[in-house]
Amino acid sequence: MIEILEFLPTVYLWLYILLAAAFLGQGIAAGAAGRGGDGGAARFLGILVGATFTLAVSVHLFHFFTRWYINGHAPLQSKHEVFTVTGLTTMIFGGALYVGEKVWRTRGTGAVLGNMVFVLITLCGGVLWTALGMKEDYKVNNLVPALQSYWHPPHVSAYMLGYGSLGLAAVLALFYTVGSIGKKFLGPNSFIAELASPTVDRWTYKVASLGFPFMTAALCMGALWADDSWGEYWFWDAKETWALISWAFFLIYFHLRYVKGWVGLKSQLLVVGGGIMIWITYMLIHILPASQASLHVYN
């Protein structure tokens with residue numbers, strides 16, 4: 001069974017690479033169909049996108065639940081586990097956005113833009129996180145005593161869903177920001193400038209709206225877990241603090257969007273900032289020497 005665990009990430013990594021290529025081809029074909037070309041290629045590639053996505057995520061889920069079975073607990077502890085799960089949650093939310101927005105039905109310039117965004121999402125989500133996970137140790141770890149709690153699966157699962165979706169929102173916001181810069185230096189008719197479109201702004205908001213409740217729930221469950229285990233709700237541990245800062249960035253984003261009507265670049269920059277905070281919380285905090293004694297550092 002361990003050999004299966006080592007082999008499966010390679011399978012879904014290549015499936016995600018194929019999916020990115022299918023998104024690219026579908027975008028080009030749909031763009032051509034919108035200019036009077038044959039729509040048959042676009043329809044075929046749309047089917048290929050759906051089939052490849054379904055297969056890749058199915059293999060990824062099979063890997064997740066197989067590891068859970070072998071571990072005897074939710075595989076949400078080691079770097080290999082959390083990195084590959086982040087890729088999985090990112091792709092699930094990306095797929096939900098693709099279906100919800102009916103991107104496969106678009107034609108012309110909108111189809112090119114939409115599918116290029118999903119090419120980038122697949123590369124930044126499924127491919128990158130899977131590759132990072134594959135660099136880490138595949139070994140199955142027993143939970144340390146502090147993590148042997150009924151709070152562990154829901155708390156970490158909520159964070160994985162929150163980080164996957166809010167990280168995806170930050171990627172979309174980064175695309176919008178690059179598009180705004182491209183519009184200024186390359187002109188409004190350049191393809192890069194098209195990234196700074198109301199569509200990308202709306203997608204960012206939708207994905208962030210899905211992820212923020214998960215992150216809020218994770219923070220609350222973490223505090224309840226700490227009180228249950230150590231008698232206090234909050235310790236200002238380095239990772240706890242950065243997680244709170246990450247949450248605050250998105251809280252400010254939603255507040256200003258609702259109250260002040262912020263849309264466009266200034267709201268997208270807040271989401272990019274929130275994404276950077278998540279990256280610090282998720283990755284960089286583990287490099288700091290003072291953090292090595294924290295229970296929040298992955299094995």
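Asker: How would you summarise the overall build of the protein chain if you had to cite specific residues and measurements?
Answerer: The helix and strand inventory of the protein chain stands at eight helices and zero strands. Ordered by position from the N terminus, the helices and strands of the protein chain form the series α-α-α-α-α-α-α-α. Burial status across the protein chain gives 52% buried among its 299 residues. Counting every atom, the protein chain has about 13800 Å² of accessible surface; 71% of that belongs to carbon and sulfur.

Asker: Lay out the side chain of Glu81 in plain terms, naming residues and giving numbers.
Answerer: Residue position: Glu81 is located in helix H3 (residues 79–100). When its relative accessible area of 2% is taken as the criterion, Glu81 is described as buried. Polar side-chain contacts of Glu81 include one of 2.7 Å to the side chain of Arg67. If we skip the residues at most four places from it in the chain, Glu81 touches Arg67, Asn71, Pro75 and Leu76.

Asker: Before we move on, could you go through helix H2 (residues 40–71) and cite the residues and values that matter?
Answerer: Between its first and last C-alpha, H2 extends 46 Å over 32 residues, near the 46 Å set by a 1.5 Å rise per residue. At the C-terminal side of H2, Gly72 shows a positive phi close to 85°.

Asker: I'd like a rundown of the layout of surface pockets, residues and numbers included.
Answerer: It is the rolling of a water-molecule-sized probe over the atoms that shows where space remains empty. Of the volumes computed, that of the second largest pocket is approximately 430 Å³. Lining the second largest pocket are 20 residues, and of these Gly167, Ala170, Val171, Gly275 and Trp279 sit closest to its centre. Breaking the lining of the second largest pocket down by element, the ones donating at least two residues are H3, helix H4 (109–134), helix H5 (152–186) and helix H8 (265–282). With seven residues, H5 is the largest single contributor of residues to the lining of the second largest pocket. For the lining of the second largest pocket, the class distribution of residues is 14 nonpolar, six polar and no charged.

Asker: Tell me about the packing of aromatic side chains, and name the residues and values.
Answerer: By the definition in use, this model includes 17 aromatic pairs. Aromatic side chains Phe83 and Trp129 sit 5.6 Å apart centroid to centroid with 50° between the ring planes, which places their arrangement in the tilted category. Of this pair, Phe83 sits in helix H3 while Trp129 sits in helix H4, and the two are 46 residues apart along the sequence. This pair shows no difference in class: Phe83 is buried, exactly as Trp129 is. Between the aromatic rings of Tyr205 and Tyr258, the centroid separation amounts to 6.4 Å while the plane-to-plane angle is 75°, which identifies the pairing as edge-to-face. Highlighted residues: Tyr205 in helix H6 (residues 198–230) and Tyr258 in helix H7 (residues 238–259), separated in sequence by 53 residues. The exposed category is assigned to Tyr258, whose relative accessible area is 60%.

Asker: Could you give an account of the packing of H3 against H4, with specific residues and numbers?
Answerer: As a packed pair, H3 and H4 sit with axes 7 Å apart at the nearest point and diverge in direction by 165°. By the angle between their directions, the pair H3 and H4 is classed as roughly antiparallel. For H3 against H4, the interelement crossing comes out left-handed. Contacts between H3 and H4 pair His80, Phe83, Thr84, Thr86, Gly87, Thr90, Met91, Gly94, Leu97 and Tyr98 from the former with Asn115, Phe118, Ile121, Thr122, Gly125, Gly126, Trp129, Leu132, Gly133 and Met134 from the latter.

Asker: Give a detailed account of the side chain of Thr177, specifying residues and quantitative values.
Answerer: The topology assignment puts Thr177 in helix H5. Non-local contacts of Thr177, meaning those with residues more than four positions away in its chain, are made with Leu265, Gln268, Leu269 and Val272.

Asker: Describe the packing of H7 against H8, and please don't skip the residues or the numbers.
Answerer: Orientation of H7 relative to H8, taken along the N-to-C sense of each, is 165°, at an axis distance of 8 Å. Between H7 and H8, the crossing angle belongs to the class labelled roughly antiparallel. Of the two possible hands of crossing, H7 and H8 adopt the one that is left-handed. Here Lys239, Trp242, Ala243, Ile245, Ser246, Phe249, Phe250, Ile252, Tyr253, Leu256 and Arg257 of H7 come into contact with H8, specifically with Ser267, Leu270, Val271, Gly273, Gly274, Gly275, Met277, Ile278, Ile280, Thr281 and Tyr282. Of the residues belonging to the contact of H7 with H8, the class tally is 14 nonpolar, six polar and two charged.

Asker: Report on H3, specifying residues and quantitative values.
Answerer: With 22 residues, H3 ought to run about 32 Å at 1.5 Å a step, and its terminal C-alpha atoms sit 31 Å apart, in line with that. Within H3, 17 of the 22 residues are buried, which leaves the element mostly enclosed by the surrounding structure. Just beyond H3, the residue with positive phi is Lys102, at close to 50°.

Scoring rules and cut-offs
- Residues numbered from 1 in each chain as written.
- Predicted model: local features only at pLDDT ≥ 70, side-chain atom pairs only at ≥ 80, totals over all residues.
- Heavy atoms only, no water.
- Helix = DSSP H or I, 4+ residues; strand = E, 2+ residues; numbered from the N terminus.
- Buried < 20%, exposed > 50% of the residue type's maximum accessible area, 1.4 Å probe, protein only.
- Areas by Shrake-Rupley, 256 points an atom, 1.4 Å probe, with all protein chains shown as cover.
- Polar contact = N/O pair within 3.5 Å; in protein donor to acceptor, adjacent residues only side chain to side chain.
- Contact = heavy atoms within 4.5 Å.
- Expected span 1.5 Å × (residues − 1).
- 1 Å grid on protein atoms, 1.4 Å probe; cavity = no way out; pocket = protein on both sides within 12 Å on 5 of 7 lines; lining within 4 Å.
- Points joined across faces, edges and corners; volume = space filled by probe spheres on them.
- Nonpolar A, V, L, I, M, F, W, Y, C, P; charged D, E, K, R; others polar.
- Phe/Tyr/Trp six-rings, centres within 6.5 Å; stacked < 30°, edge-to-face > 60°.
- Axes fitted to C-alpha atoms, helices over the stretch in contact; angles between N-to-C directions.
- Parallel < 35°, antiparallel > 145°, perpendicular 65-115°, else oblique.
- Left-handed = near helix turned anticlockwise from the far one by under 90°.

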